[in-house]
Amino acid sequence: MQKASVLLFLAWVCFLFYTGITLFTSGFLLTRLELTNHSSCQEPPGPGSLPPGSQGKPGACWMASRFSRVVLVLIDALRFDFAQPQHSHAPGEPPVSLPFLGKLSSLKRILEIQPHHARLYRSQVDPPTTTMQRLKALTTGSLPTFIDAGSNFASHAIVEDNLIKQLTSAGRRVVFMGDDTWKDLFPGAFSKAFFFPSFNVRDLDTVDNGILEHLYPTMDSGEWDVLIAHFLGVDHCGHKHGPHHPEMAKKLSQMDQVIQGLVEHLENDTLLVVAGDHGMTTNGDHGGDSELEVSAALFLYSPTALFPSIPPEEPEVIPQVSLVPTLALLLGLPIPFGNIGEVMTEVFSGGEDSQPLSSALAQASALHLNAQQVSRFLHTYSAATENLQAKKLHQLQKLFSKASADYQWLLQRPKGAEATLPTVIAELQQFLRGARAMCIESWARFSLSFLLLHLLAAGIPVTTSGPFTVPWQAVSAWALMATQTFYSTGHQPVFPAIHWHAAFVGFPEGHGSCTWLPALLVGANTFASHLLFAVGCPLLLLWPFLCESQGLRKRQQPPGNEAEARVRPEEEEPLMEMRLRDAPHHFYAALLQLGLKYLFILGVQILACALAASILRRHLMVWKVFAPKFIFEAVGFIVSSVGLLLGIALVMRVDGAVSSWFRQLFLAQQR
């Protein structure tokens with residue numbers, strides 16, 4: 001058997017596994033078709049007249065704009081309890097003292113002094129809670145793809161319709177300052193931009209201080225319509241120190257001063273939005289779907305009255321994607337084509353002096369536009385792919401048709417609107433929430449193709465006769481040792497447990513704008529055990545010789561016969577691995593057999609993960625446990641298989657060098 005044949009056959013088996021992993025990934029993890037359609041003012045989202053007041057007004061599109069400008073302050077990893085106002089503790093109870101509590105005191109003061117001007121929400125984030133996926137959700141209104149978590153190192157331009165695209169198409173001047181992730185997501189979209197490297201989590205101040213250097217001068221210049229500032233200090237402090245460190249109190253106090261300064265600079269036609277893209281765990285990490293990671297803060301403030309009532313005692317919980325259609329309509333823009341978020345109806349009520357009927361009608365108008373846009377997206381998406389469940393889609397379309405008919409009837413008979421409006425609003429909200437739930441469920445469906453390919457690969461014979469056969473228990477123990485080493489070195493198959501600090505080993509000052517090097521360092525740290533044991537797997541060929549040597553040594557030294565054993569002829573000593581030179585064809589067959597056994601065991605592991613994830617794909621813990629475990633196993637399998645091929649190729653290279661040396665030695669003896 002030739003060397004090339006062994007490597008090619010093993011590579012073909014690896015390819016079968018890779019294909020199976022790819023098929024399963026596309027059929028199970030959150031995957032969807034990214035449509036390139038764009039909403040426009042010239043094309044209303046659906047049939048029927050636009051809301052009253054949206055025609056003939058400057059800047060009006062689907063709905064008349066409420067604000068001319070927006071300041072969006074994105075505080076990375078601003079967990080909800082970081083911003084939650086702290087109430088006085090009851091008499092006799094000890095005060096709760098945590099570094100991050102009560103530091104954003106300006107929010108509490110504004111909510112108390114101007115209750116009709118501000119609101120604090122608990123923003124519910126969709127996993128994975130990595131920054132790039134959150135930015136996509138905050139600008140497109142769509143769900144992230146779970147497998148994209150790895151793209152957090154090297155982001156790619158967003159091709160879907162999004163708020164930044166709509167703003168630039170409308171001629172609005174968008175100024176950005178902060179996290180340079182936006183540079184890759186929206187290349188050339190900003191009229192002015194100040195980008196700062198984002199991946200050096202040990203640096204708490206460079207990005208934030210750079211923003212503050214340009215923030216207020218830019219506001220005072222007036223040369224902007226939308227100002228976006230993405231602060232990173234809180235997130236980096238969490239990664240470096242955790243939320244309970246005094247440095248977190250310092251960073252949050254700095255953000256509080258920023259919010260105070262912005263409120264003082266706002267004009268009446270400007271909306272201030274302060275948002276966290278995700279939360280963080282108790283040790284400062286994020287990426288998964290624990291309650292602390294998916295709970296972010298969202299604060300809205302307007303110099304003019306925006307809300308008809310005072311804030312509730314417990315802040316309302318809203319999906320994070322709800323911000324996208326809300327901002328679009330408030331600015332007089334079309335809602336991005338692929339949005340599945342629901343408008344925050346409260347901000348369309350008209351302020352504290354508005355009449356209840358007009359407030360409810362404005363809310364119904366915003367919801368109807370939103371529902372038309374989502375219905376159009378579902379229709380277009382279902383025509384392009386069969387990912388959506390036909391039965392549920394039909395039910396939703398029936399619900400939308402009824403709600404839309406009721407809304408049109410309400411517009412034609414305004415006298416009876418007061419009794420009908422609550423029903424119409426409830427129907428529209430039911431449709432929007434049902435559509436989002438269907439998308440979440442439909443974009444996590446299981447494909448059986450993975451199982452078929454795994455069965456094909458597993459059916460390849462891996463038992464051949466020969467003198468160098470490595471027993472199954474040895475190969476299994478070797479594979480299990482790789483897994484045990486993964487855990488014993490402090491790793492876990494969940495995103496928050498990734499050792500991000502490994503990105504700075506040897507580079508304490510950071511990597512500048514380079515993204516592939518920190519990704520490589522973190523990957524090497526995470527999957528080092530898989531790589532090392534896979535490269536060393538061919539050494540198991542020595543296992544039979546080692547066992548044979550130990551057995552012969554025991555047989556040659558019976559009790560009381562030590563002297564006799566010492567004088568036995570030398571030719572009875574085992575030749576160990578040097579016997580490989582006498583049967584090179586058996587040696588290559590043994591390498592192939594060992595490689596197939598190792599791949600089989602690894603394949604069984606990933607197949608078990610796939611089965612667990614598919615059987616429990618509707619379980620509440622699927623995105624917390626099963627999907628991350630499958631991703632880690634899949635990446636580990638790829639790393640291990642590549643390492644195995646490298647290890648076998650290296651052993652063959654050494655074998656070739658030893659063979660050449662033997663030939664030279666024999667030629668020298670013959671002379």
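Residues numbered from 1 in each chain as written. Predicted model: local features only at pLDDT ≥ 70, side-chain atom pairs only at ≥ 80, totals over all residues. Heavy atoms only, no water.

J.: Please clarify how helix 16 (residues 472-488) should be interpreted in this entry.
T.: Because each turn of an α-helix spans 3.6 residues, side chains separated by three or four positions end up pointing in the same direction. With 17 residues, helix 16 should cover 24 Å at 1.5 Å per step; its first-to-last C-alpha distance of 24 Å lies within 8% of that length. Buried within helix 16 we find Ala474, Val475, Trp478, Ala479, Ala482 and Phe486. All buried residues of helix 16 fall inside an arc of 140° around its axis, so they share one side. Opposite the packed face of helix 16, turned more than 90 degrees from it, sit the exposed residues Gln473 and Leu480. (Helix = DSSP H or I, 4+ residues; strand = E, 2+ residues; numbered from the N terminus. Expected span 1.5 Å × (residues − 1). Buried < 20%, exposed > 50% of the residue type's maximum accessible area, 1.4 Å probe, protein only. Arc of directions from axis to C-beta.)

J.: Mind showing me how you'd approach the sheet that holds strand 2 (residues 118-124) here?
T.: Sheets are built from strands that pair by backbone hydrogen bonding, the pairs being arranged parallel or antiparallel. With respect to topology, 8 strands assemble into an open sheet ordered 4-3-5-1-6-7-2-8, the strand pairing being mixed. In this open sheet, the two strands that pair with only one neighbour each are strand 4 (192-196) and strand 8 (317-319). On average, each strand axis in the sheet is tilted by 20° relative to the strand beside it, whichever way the strands run. Note: strand 3 (residues 174-179) against strand 4, 5 bridges, orientation parallel. In the strand pairing of strand 4, Met177 is matched with Phe194. (Pairing = 2+ DSSP bridges. Axes fitted to C-alpha atoms, helices over the stretch in contact; angles between N-to-C directions.)

J.: Teacher, can you tell me more about the environment of Ile75 here?
T.: The topology assignment puts Ile75 in strand 1 (residues 69-75). Expressed as a C-alpha distance, the spacing of Ile75 and His278, which sit 203 residues apart in the sequence, is 9.2 Å.

J.: Please clarify how unusual backbone geometry should be interpreted in this entry.
T.: Excluding glycine, a negative phi dihedral is what most residues carry, and trans is how most peptide bonds are arranged. The residue Ala77 is not glycine, and still its phi comes out positive at about 65°. Structurally, Ala77 is set in the loop between strand 1 and helix 2 (80-83).

J.: Just to check I follow, could you spell out the nonpolar core for this structure?
T.: When a protein is soluble and globular, its nonpolar side chains tend to lie buried together. In terms of nonpolar packing, the biggest core is built from 74 residues, with Trp182, Val273, Leu298, Leu378 and Phe431 touching the most fellow members. When residues no more than four places from it in sequence are discounted, the contact partners of Leu298 are Arg119, Leu120, Tyr121, Ser123, Val273, Val274, Ala275, Ile318, Leu323 and Met344. Among the nonpolar cores identified, the runner-up in size contains 50 residues, and Val201, Phe630, Leu644 and Ile648 belong to it. (Core = buried A, V, L, I, M, F, W, Y, C linked by side-chain atoms within 4.5 Å. Contact = heavy atoms within 4.5 Å.)

J.: What am I meant to see in the pattern of salt bridges here?
T.: One side chain can pair with another of opposite charge once the charged atoms of both are near each other. One pass over the full model with this rule turns up 12 salt bridges. Between Glu342 and Arg433 there is a salt bridge, and its shortest N-O distance comes to 2.9 Å. Here Glu342, found in the loop between helix 11 (323-330) and helix 12 (356-384), pairs with Arg433, found in helix 14 (residues 417-442); they are 91 residues apart in sequence, far enough to count as distant. Glu342 gets classed as buried once you look at its relative accessible area, which sits at 13%. Between Lys402 and Asp406 there is a salt bridge, and its shortest N-O distance comes to 3.1 Å. Of this pair, Lys402 and Asp406 both sit in helix 13 (residues 390-412), 4 residues apart, which is roughly one turn of the helix. Note on Lys402: relative accessible area 45%, which makes it partly exposed. A single network of salt bridges, built from pairs that share partners, joins Asp205, Asp208 and Lys251. (Salt bridge = Lys/Arg side-chain N within 4 Å of Asp/Glu carboxyl O.)

J.: I would appreciate a short explanation of the UniProt feature "transmembrane region" (unreviewed entry) in the protein in the present structure.
T.: According to UniProt, the "transmembrane region" (unreviewed entry) feature falls on residues 6-30, 527-546, 587-615 and 635-654. Between the end C-alpha atoms of residues 587-615 the distance is 42 Å, and the span holds 100% helix and 0% strand. (UniProt positions renumbered as here; feature names shortened; annotations may be inferred.)

J.: What is the right way to read the side chain of Asp180 from this model?
T.: As for its position among the elements, Asp180 is in the loop between strand 3 and helix 6 (181-185). The charged side chain of Asp180 is buried without a salt bridge, its nearest counter-charge being Lys183 at 7.1 Å. Apart from the residues within four sequence positions on either side, Asp180 is in contact with Phe195, Phe196, Pro197 and Ser198. (Lys, Arg positive; Asp, Glu negative; His and termini not counted.)

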